Amino acid sequence: MVPVISAEKIDFAYESKTVLKQLCLTVKKGELLTIIGANGSGKSTLLNLLLGNLSPQSGTIELFGDDICKDRHYRDLAYISQNSFSSYRNFPTTVKEALKIHLAYLHKKVDLQPYLQQVDLVEQANLQLSQLSGGQLQKVALMLALVKEAKLIILDEPTAAIDRCFAKSLMQKLKELTLQGCTVLLVTHNLTDVLEYTDRVLRLKNGSLQEVALAKAQNVEESDL
Ligand SMILES: Nc1ncnc2c1ncn2[C@@H]1O[C@H](COP(=O)(O)OP(=O)(O)OP(=O)(O)O)[C@@H](O)[C@H]1O
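Residues numbered from 1 in each chain as written. Predicted model: local features only at pLDDT ≥ 70, side-chain atom pairs only at ≥ 80, totals over all residues.

This paragraph deals with the overall build of the chain. Helix and strand content of the chain: eight helices and 10 strands. On C-alpha atoms alone, the chain measures out to a radius of gyration of 18 Å, which is about the 17 Å that the 2.2 N^0.38 rule sets for 225 residues. Principal axes of the C-alpha set define a box for the chain whose edges measure 50 × 40 × 35 Å. A total of 225 residues make up the chain; the buried ones form 36% of that total. For the chain, long-range pairs separated by at least 24 residues make up 69% of all intrachain contacts whose partners lie at least 6 apart in sequence. (Helix = DSSP H or I, 4+ residues; strand = E, 2+ residues; numbered from the N terminus. Rg over C-alpha atoms; globule rule 2.2 N^0.38 Å. Buried ≥ 20, exposed ≤ 12 C-beta atoms within 10 Å, placed from the backbone. Contact = placed C-beta atoms within 7 Å.)

One finds V140, I153 and I154 to be the most contacted residues of the largest nonpolar core, which totals 61 residues. Among all residues touching V140, those that are not within four sequence positions of it are Y88, V95, A98, L121, L129 and L132. (Core = buried A, V, L, I, M, F, W, Y, C linked by C-beta atoms within 7 Å.)

Moving on, we come to the sheet that holds strand β2 (residues 17-27). Across the sheet, which stays open at both edges, the four strands sit in the order β2-β1-β4-β5 with antiparallel pairing between neighbours. Here the strands that pair on one side only, and so sit at the sheet edges, are β2 and β5 (66-67). Both strand β4 (residues 58-63) and β5 contribute to a ladder of two bridges, which runs antiparallel. Bridge pairing in β5 places E62 opposite D67. Relative to the sheet, helix α1 (residues 43-50) contacts β1 (5-14), β2 and β4, its axis offset from that of β1 by approximately 120°. (Pairing = 2+ DSSP bridges. Axes fitted to C-alpha atoms, helices over the stretch in contact; angles between N-to-C directions.)

To continue, consider α1. Taking burial as the measure, the eight residues of α1 include six buried ones, the bulk of the element. G52 occupies a position one or two residues after α1 and carries a positive phi of about 80°.

A word on the environment of C165. Along the chain, C165 turns up in helix α6 (residues 164-179). On the neighbour-count criterion, C165 (9 C-beta atoms within 10 Å) is exposed. Considering only alpha carbons, one finds C165 and T178, 13 residues apart in sequence, at a separation of 20 Å.

Moving on to the confidence of the model for the chain. A residue-level look at the chain finds 96% of positions with pLDDT of 70 or above and a mean pLDDT of 90. Across the chain, β1 holds the top mean pLDDT of 98, while helix α2 (residues 84-89) sits lowest at 70. Confidence metrics for the complex model read pTM 0.89 and ipTM 0.98. (pLDDT = per-residue confidence, 0-100.)

If you walk across this open sheet you meet the six strands as β6-β7-β8-β3-β9-β10, and the pairing is mixed. The sheet is open, and its two borders are formed by β6 (77-80) and β10 (208-212), each paired with just one other strand. When strand polarity is set aside, the average angle formed by the axes of neighbouring strands in this sheet is 20°. This element, helix α5 (residues 134-148), spans β6 and β7 (152-156) of the sheet and lies at about 175° to β6. Packing of α6 onto the sheet brings it into contact with β3 (32-36) and β8 (183-187), and relative to β8 it is tilted by some 145°.

For E15, which is not glycine, the phi torsion reads 45° and is therefore positive. Considering the arrangement of structural elements, one finds E15 in the loop between β1 and β2. Its 5 C-beta neighbours within 10 Å are what place E15 among the exposed residues. Positive phi is not limited to glycine here, since E157 has a value of about 55°. Along the chain, the position of E157 falls in the loop between β7 and α6.

Both β1 and β4 contribute to a ladder of five bridges, which runs antiparallel. For I5, the partnering residue across the bridge sits in β4 and is L63.

Below you can see the structure in the form of structure tokens.
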């Protein structure tokens, strides 16, 4: 089966600053993959390359078997960034209206209530996005990804701004989605939140990815998270 993500021998530098060296990554359909790494190791850079926001100096990146130079597969992708919530905050709508706008954009007609329930935002449905907390805005971002029925969900620090209880239900939800064939790639410094749910952990170090055995992942040095 064609991998969902296939990156081959990626070299990337910001001018003279080399960040990634001959990096390879293959992610199969239905996998929940976690990438860890110390601050500045290049995790966000790698995500930006996978999203097609940056181009490697050498190497190839394919999504769903297509070179991202030709097709970035936006229709299949949902990206929840570290600060997606701060950009939502400036959007002058309520939670419910944001969901309706998103559905209209996707040409979909569905009942809103189950989506609000899934992310526990029923009580906040009529609040303005500007009135939500960081964690609640993170839930809005997840809800929009669920509505899109994305085949690949990429999350940067998904549990950083949310409480432990929602972190658990978020990870359960993501795991459930992978069992239905969705693929999830996330970057985190909170390995404890994801370890129970992840299929693999890769550590970004010295510009490339190394597999971390799940049994050993708990003991990964703090500086690598
Ligand atoms: N636009 C840029 N121009 C120059 N250097 C950059 C740029 N963005 C990032 N860098 C550098 O590239 C390296 C990797 O940064 P990146 O943000 O990818 O790391 P990260 O692993 O996501 O870090 P963190 O865990 O702190 O979010 C860092 O040394 C950073 O200073």
